[in-house]
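Structural overview
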Amino acid sequence: MSDGIKKFMFVNTKAPYGTVYALESLEVVLISAAFDQSVSLVFCDDGVFQIANNQNTDGSGMKNFSPAYKALGDYDINKLYVEKESLEERGLSLDNLMDLTYEDEDDDWAEKPSIILVSRAELADLMDEQDVVISS
Amino acid sequence: MAMLHTVNKSPFERSSLNSCLNKSKEGSSILLIEDAVVGALKGTKVADDLSAAIANKNVYVLGSDLNTRGFTEADILDGIKTVDYAGFVDLVAEHSNVQSWL
């Protein structure tokens, strides 16, 4: 692409805490924000658990990194695609997810939802449009 | 004495819970830990299999791992009991053997 901006998509498919994939992906995403690329995230399969609300690690003593997802909007990462079928297979709905938002600079900094619910078929089309797809 | 089975992988990603359910005997106990705790949630595609197991086996979930992932006792299937770390130790002590399904 002539302007040097590529479309990056980070696909999150793993539950948090049991493995390190979710945390590592989040760190790469935050680093990528420094390079002025077009970045979107996908949460599908067990990846939907990464943005579950009310995560409380007091009992397990692990680091609760879920608040960091709320910072994505401040890094202009505001396209978080969540696969509808993945939620349904796990007995979940949007109500189980964190309220992730961004402020739209083109609309007087109005606060808008970052989470976009998409079907499996829509997700396939979105992946097809990307320059780079990184799965974890 | 009965066997204690532990499962630590999400049933949506691995088949270890399914293997455990198929190979555990009546009266044995199954403890869901780490990423496996999400299998205890209501309304999932594995809920029927787990509900069938509850009829003749004891099914437990580690509460702190459940809370870590954003869920509480109110979110899990009826008949699944929540235990804490001390309860985990009790279960190990009460059973003749432990089989870890990895």
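So, here is what we can say about the structure in this document. Values in this document were obtained by computation on a predicted structure and should not be read as measured data.

What follows deals with the overall build of chain A. A tally of regular secondary structure across chain A gives three helices and seven strands. Element order for chain A, N to C, with α for helix and β for strand: β-α-β-β-α-β-β-β-α-β. Over its C-alpha atoms chain A spans a radius of gyration of 15 Å, differing by no more than 12% from the 14 Å that the globule rule assigns to 136 residues. If you line up chain A on its principal axes, its C-alpha atoms span 50 × 30 × 30 Å.

Excluding glycine, a negative phi dihedral is what most residues carry, and trans is how most peptide bonds are arranged. All names here are of chain A. Here the phi dihedral of Y17 falls at roughly 80 degrees; this positive angle occurs in a residue that is not glycine. When you line up the elements, Y17 lands in the loop between strand 1 (7-12) and helix 1 (21-32). Given 24 C-beta atoms within a 10 Å radius, Y17 is considered buried. Positive phi, close to 60 degrees, is recorded for D76, a residue that is not glycine. If you trace the backbone, D76 turns up in the loop between strand 2 (38-43) and strand 3 (80-83).

Taken together, the contact pairs 18 residues of chain B with 19 residues of chain A. Within the side of chain B that touches chain A, the residues separate by chemical class into three nonpolar, eight polar and seven charged.

With that settled, the discussion passes to the sheet that holds strand 3 of chain A. All names here are of chain A. On the basis of which strands lie adjacent, the open sheet formed by five strands has the order 6-3-2-1-7 and parallel pairing. Only two strands of the sheet have a single neighbouring strand rather than two, namely strand 6 (115-118) and strand 7 (132-135). Strand-to-strand twist of the sheet, defined as the mean angle between neighbouring strand axes without regard to direction, takes the value 25 degrees. Strand direction decides the pairing type here: strand 3 and strand 6, joined by four bridges, are parallel.

Residues and elements named next belong to chain B. Read from one edge to the other, the open sheet built from five strands follows the order 4-3-2-1-5, with strand pairing classed as parallel. What marks the edges here is a single partner per strand, and that holds for strand 4 (81-83) and strand 5 (97-101). Averaged over neighbouring strand pairs, the angle between their axes works out to 25 degrees when direction is ignored. With three bridges joining them, strand 3 (residues 58-62) and strand 4 adopt parallel strand pairing. Along strand 4, the bridge assignment pairs L62 with V83. Strands in contact with helix 1 (residues 16-23) are strand 1 (3-7), strand 2 (29-32) and strand 5; relative to strand 1, the strand with the most contacts, it is inclined by about 165 degrees.

Next up on the list: the pairing of strand 2 of chain B. Residue and element names in this part refer to chain B. Direction of pairing for strand 1 relative to strand 2: parallel, over a ladder of four bridges. Pairing of T6 across the sheet is with L31, part of strand 2. Regarding topology, helix 1 serves as the crossover connection from strand 1 to the parallel strand 2, and that connection is right-handed. Where strand 2 and strand 3 come together, four bridges link them in parallel fashion. Following the sheet pairing, L31 is matched in strand 3 by Y60. Crossover connection from strand 2 via helix 2 (residues 47-54) to parallel strand 3: handedness right-handed.

This paragraph deals with helix 1 of chain B. Residue and element names in this part refer to chain B. Those residues of helix 1 lying buried are S16, L17, C20 and L21. The arc that holds the buried residues of helix 1, viewed along the axis, is 140 degrees, so those residues lie on one side. Exposed residues on helix 1 whose side chains face more than 90 degrees from its buried face are N22 and K23.

Conventions and cut-offs
- Residues numbered from 1 in each chain as written.
- Chains lettered and ligands numbered in written order.
- Predicted model: local features only at pLDDT ≥ 70, side-chain atom pairs only at ≥ 80, totals over all residues.
- Helix = DSSP H or I, 4+ residues; strand = E, 2+ residues; numbered from the N terminus.
- Rg over C-alpha atoms; globule rule 2.2 N^0.38 Å.
- Buried ≥ 20, exposed ≤ 12 C-beta atoms within 10 Å, placed from the backbone.
- Contact = placed C-beta atoms within 7 Å.
- Nonpolar A, V, L, I, M, F, W, Y, C, P; charged D, E, K, R; others polar.
- Pairing = 2+ DSSP bridges.
- Axes fitted to C-alpha atoms, helices over the stretch in contact; angles between N-to-C directions.
- Right-handed = clockwise from strand over helix to strand, strands pointing away.
- Arc of directions from axis to C-beta.

Any link to function would need more than the numbers given here.
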